[in-house]
Amino acid sequence: MMKTIFAPKTTYASLTSLRVFAIAGAIAFSLGALTGCSASSGAASETGMTHDMGLHDMAKPEIPVTVTPETNNAAFSSADIMFAQMMIPHHQQAVEMGTLAETRAFSPVVGALAAQIKNEQAPEISQMKAWLKTAGASMNMGHDMGMNGMLDSTSLKALRASKGKVFDDLFLKGMIGHHLGAVDMAKTVLDSKNPMVQKLAQQIIGSQTQQINFMKTVLKN
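**Brief notes about the side chain of Glu-124**
Step number 1: As for its placement among the helices and strands, Glu-124 is situated in helix H4 (residues 108–135).
Step number 2: Look at Glu-124: it is buried, it has no salt bridge, and the nearest opposite charge is Lys-199 at 10 Å.
Step number 3: For Glu-124, the side chain forms a polar contact with the side chain of His-91, separated by 2.6 Å.

Right, dumping it as structure tokens:
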């Protein structure tokens, strides 16, 4: 003989409690979603350099990629090796220019930009040196070859001797030409078979093109 099982009675009080818990849960979920959106929006607003950005944004490098002297099994072609051998001293001059700005720049914006350039290019130098070591190649080409955008000895001497607004003007004009040369060099290995070389080339082109546009805007003001 089957027994009839009766469900417990649902009272008005219990229904009210369920509604309260459901509403509270929905509110908590909504607040969590809004907090997540706010955090994401904040992070997005701090990435990318725009023409109207302020010093607060400039102080934070817009490219958060960490470059390490990693290697993989892909071989380095002769073009890859020549690119690294040329770009290392090119980057080293940019780092020197950034170091000069620490004590000579007049504008805080120029100082922040110079620091950003150093923070990007110093790790890239270490990365390219690791590539050459892995490939068993020399750290330099063994002969003097002109590199686009490099400041000559006269221009570098003038930059070292200047301070304040004069320094800022020379730094910005010199770095624009320097970056244009680096972008041209990076384009030569965009079709590299080595994914690391290709990635670095894309990174240099993207970052330095942005900085060129920003420096042109600063010069106009």
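Picking up where we left off.
**Remarks on the pattern of salt bridges**
When charged atoms on two side chains of opposite charge get close, those side chains can pair.
Step number 1: Going through the model one piece at a time under the given rule, you end up with 3 salt bridges.
Step number 2: When the shortest N-O distance is used, the salt bridge between Arg-160 and Glu-96 registers 2.6 Å. One end of the pair, Arg-160, is in helix H5 (residues 153–161); the other, Glu-96, is in helix H3 (residues 78–104), and 64 residues separate them in sequence.
Step number 3: Residue classification places Arg-160 among the partly exposed positions, given a relative accessible area of 40%.
Step number 4: Of the residues examined, Glu-96 reaches a relative accessible area of 28% and is grouped as partly exposed.
Step number 5: Note that Asp-169 and Lys-173 form a salt bridge whose closest N and O atoms lie 3.2 Å from each other. Within this pair, Asp-169 and its partner Lys-173 are both found in helix H6 (residues 164–187), separated by 4 residues, close to a single helical turn.
Step number 6: The class of Asp-169 is partly exposed, set by a relative accessible area of 31%.

Criteria and thresholds
- Residues numbered from 1 in each chain as written.
- Predicted model: local features only at pLDDT ≥ 70, side-chain atom pairs only at ≥ 80, totals over all residues.
- Heavy atoms only, no water.
- Helix = DSSP H or I, 4+ residues; strand = E, 2+ residues; numbered from the N terminus.
- Buried < 20%, exposed > 50% of the residue type's maximum accessible area, 1.4 Å probe, protein only.
- Lys, Arg positive; Asp, Glu negative; His and termini not counted.
- Salt bridge = Lys/Arg side-chain N within 4 Å of Asp/Glu carboxyl O.
- Polar contact = N/O pair within 3.5 Å; in protein donor to acceptor, adjacent residues only side chain to side chain.

Purely geometric numbers; function is a separate question.
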